[in-house]
Amino acid sequence: MRADAALLIVDPQNDFMPGGALAVPHGDEIIPAINRLALRFDKVILTQDWHSPGHISFASSHPGKLPFSTIDLPYGTQVLWPDHCVQGTRGADFAERLSVPQAQAVIRKGFHAHTDSYSAFLEADRKTHTGLAGLLRERGVSTVYLCGLALDFCVAWSALDARAAGFEAIVIEDACRAIDTNGSLDQAQRAFASAGVQRVTSDVFS
Ligand code: VGL
Ligand code: ZN
C-alpha cells in the first residue's frame, strides 16, 4: 500500500477470542485474514485494550451490576463488561495465531482506572488523547484502514475518531467481527454512513 496509508489492527487479543473473558463471536476467524492483509501495508499499527485491575468498565467494580448492563458515569453512559484485558494477563496478550511482527507501534488504551477507551484516538471522556493522531500525522499517514475487534465498539469508535481527526477512514468489514449487543452493530453502521467512514471487503487487496 501507498506510504500515506496505515492498517490499524484493533484489539486482536485472547480475551476477545472464543473462550476468552469477553469473547466476540467468531473473533478467531479473522486472524488469518488480518495476517495476510498486514503484508499489503507499509505501515501497520496494533491497538491493545489494557485495563487496570478493578477498571471502571468492569461490572465487577459495581456491586449488584451485571455484565452488558449500563451505568451513568461523569463522561456518559458506560456499558459494563466482564473483567477483560487486564494488564499483564494472558487474556490481554495478542492472539497466538496473530503474526504481524512488522507492526511498527502498539497503542495501549483503557489504562486509566476511571475512564474507558474504545477508541484508539480519544478516551471515553472525549478529552484525553492517546497520541495516535500525532503519530500517524508525523509518519505521513492520511488514510487509516481498520480491521479487528469489535466492529461495533473499538473498531467503530476508532474509525469515527479517525474521521473526526481529519483522516480518511476505511473499515475492512470481513476482517472484523461484532459483539452486537442492544443494537450496537446497527448503530455503528448508521454512524459510519453519516460520518463518511467507508466500508470495503478485503478482496480489494487481492
Ligand atoms: C472492546 C468492549 C470493551 C473492543 C473493548 O475491543 O471492542 N469492547 N473493551
Ligand atoms: Zn475493554
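Scroll up for the structure.
Residues numbered from 1 in each chain as written. Chains lettered and ligands numbered in written order. Predicted model: local features only at pLDDT ≥ 70, side-chain atom pairs only at ≥ 80, totals over all residues. Heavy atoms only, no water.

Colleague: I keep staring at the state of the cysteines and nothing clicks. Help me out?
Modeller: Formally, a disulfide is one covalent bond, and it connects the sulfur atom of one cysteine to the sulfur atom of another. What the rule picks out here adds up to 0 disulfides. For the unlinked cysteine Cys176, the closest cysteine sulfur is that of Cys147, found at 6.2 Å. Using a relative accessible area of 3% as the deciding quantity, one classes Cys176 as buried. (Disulfide = S-S within 2.5 Å. Buried < 20%, exposed > 50% of the residue type's maximum accessible area, 1.4 Å probe, protein only.)

Colleague: What should I look at first to understand the coordination of the zinc ion (ligand 2) in this one?
Modeller: A four-donor tetrahedral metal ideally has 109.5 degree angles, and a six-donor octahedral metal ideally has angles of 90 or 180 degrees. Of the protein atoms, only Asp49 (OD), His51 (NE2) and His84 (NE2) coordinate the zinc ion (ligand 2), at distances of 2.0 to 2.1 Å. One can describe the donor arrangement at the zinc ion (ligand 2) as irregular, given that its 4 donor atoms subtend angles of 89 to 171° at the metal. On the primary sequence, the residues serving as donors to the zinc ion (ligand 2) are separated as D-x1-H-x32-H. One end of the pair, His51, is in the loop between strand E2 (44-49) and strand E3 (70-73); the other, His84, is in the loop between strand E4 (76-79) and strand E5 (105-109), and 33 residues separate them in sequence. When its relative accessible area of 0% is taken as the criterion, His51 is described as buried. (Donors = N, O, S within 2.8 Å, 3.2 Å for Na, K, Ca; no water. Tetrahedral: all angles 85-135°; square planar, octahedral: opposite > 155°, others 65-115°. Helix = DSSP H or I, 4+ residues; strand = E, 2+ residues; numbered from the N terminus.)

Colleague: Sorry if this is basic, but what is going on with the nonpolar core here?
Modeller: Note that soluble globular proteins tend to have their nonpolar side chains buried in a common cluster. Membership of the largest hydrophobic core comes to 64 residues, with the highest contact counts inside it found for Leu7, Leu8, Ile9, Phe121, Leu136 and Val171. With 7 residues, helix H3 (residues 151-164) is the largest single contributor of residues to this core. In this structure, Ile56, Ala59, Ile71 and Leu80 belong to the second largest nonpolar core, which totals 5 residues. (Core = buried A, V, L, I, M, F, W, Y, C linked by side-chain atoms within 4.5 Å.)

Colleague: Can you help me understand the pattern of salt bridges in this one?
Modeller: It is possible for side chains bearing opposite charge to pair when their charged atoms get close. On inspection of all chains with the given rule, the structure shows 8 salt bridges. A salt bridge links Asp4 to Arg2, with the nearest nitrogen and oxygen atoms 2.6 Å apart. Under the relative-accessibility criterion, Asp4 is labelled partly exposed at 26%. Looking at Arg2, the relative accessible area reads 40%, which means it is partly exposed. Put simply, Lys109 and Asp11 hold a salt bridge, and the shortest N to O gap is 2.9 Å. Taken together, the residues span a long stretch of sequence, with Lys109 in strand E5 and Asp11 in the loop between strand E1 (5-10) and helix H1 (31-38) at a distance of 98 residues. (Salt bridge = Lys/Arg side-chain N within 4 Å of Asp/Glu carboxyl O.)

Colleague: What should I look at first to understand the environment of Gly88 in this one?
Modeller: Inspection of the secondary structure puts Gly88 in the loop between E4 and E5. Overall, Gly88 belongs to the exposed group, its relative accessible area being 62%. Sequence-wise, Gly88 and His51 are 37 residues apart; in three dimensions their C-alpha atoms are separated by 9.3 Å.

Colleague: Whenever I open this one, the sheet that holds strand E6 (residues 143-149) confuses me. Can you help?
Modeller: Read from one edge to the other, the open sheet built from 6 strands follows the order E5-E2-E1-E6-E7-E8, with strand pairing classed as parallel. Among the strands making up the open sheet, the edge pair consists of E5 and strand E8 (198-200). Geometrically, the sheet is characterised by an average inter-axis angle of 25° between neighbouring strands, direction not taken into account. Sheet topology note: the E6/strand E7 (residues 168-177) ladder contains 6 bridges and is parallel. Counterpart to Gly148 in the pairing with E7 is Cys176. Contacts from H1 reach E1, E2, E6 and E7, with the element oriented near 160° to E1. (Pairing = 2+ DSSP bridges. Axes fitted to C-alpha atoms, helices over the stretch in contact; angles between N-to-C directions. Contact = heavy atoms within 4.5 Å.)

Colleague: How should the pairing of E7 be read in this particular structure?
Modeller: Consecutive side chains of a regular strand alternate in pointing toward one face of the sheet and then the other. Each parallel crossover has a hand, and for E6 linked through H3 to E7 it is right-handed. Across 3 bridges, E7 lies against E8 in parallel orientation. Note that in E8 the partner of Ile170 across the bridge is Gln198. Note on the crossover from E7 through helix H4 (residues 184-195) to E8: the handedness is right-handed. (Right-handed = clockwise from strand over helix to strand, strands pointing away.)

Colleague: Just to check I follow, could you spell out the environment of Leu146 for this structure?
Modeller: Summarising the element assignment, Leu146 is placed in strand E6. Looking at Leu146, the relative accessible area reads 0%, which means it is buried. Sequence separation between Leu146 and Ile9 is 137 residues, and the spatial gap between their C-alpha atoms is 6.1 Å. Leaving out residues up to four positions away in the same chain, Leu146 has contacts with Leu8, Val155, Ser158, Ala159, Ala169, Ile170, Val171, Ile172 and Cys176.

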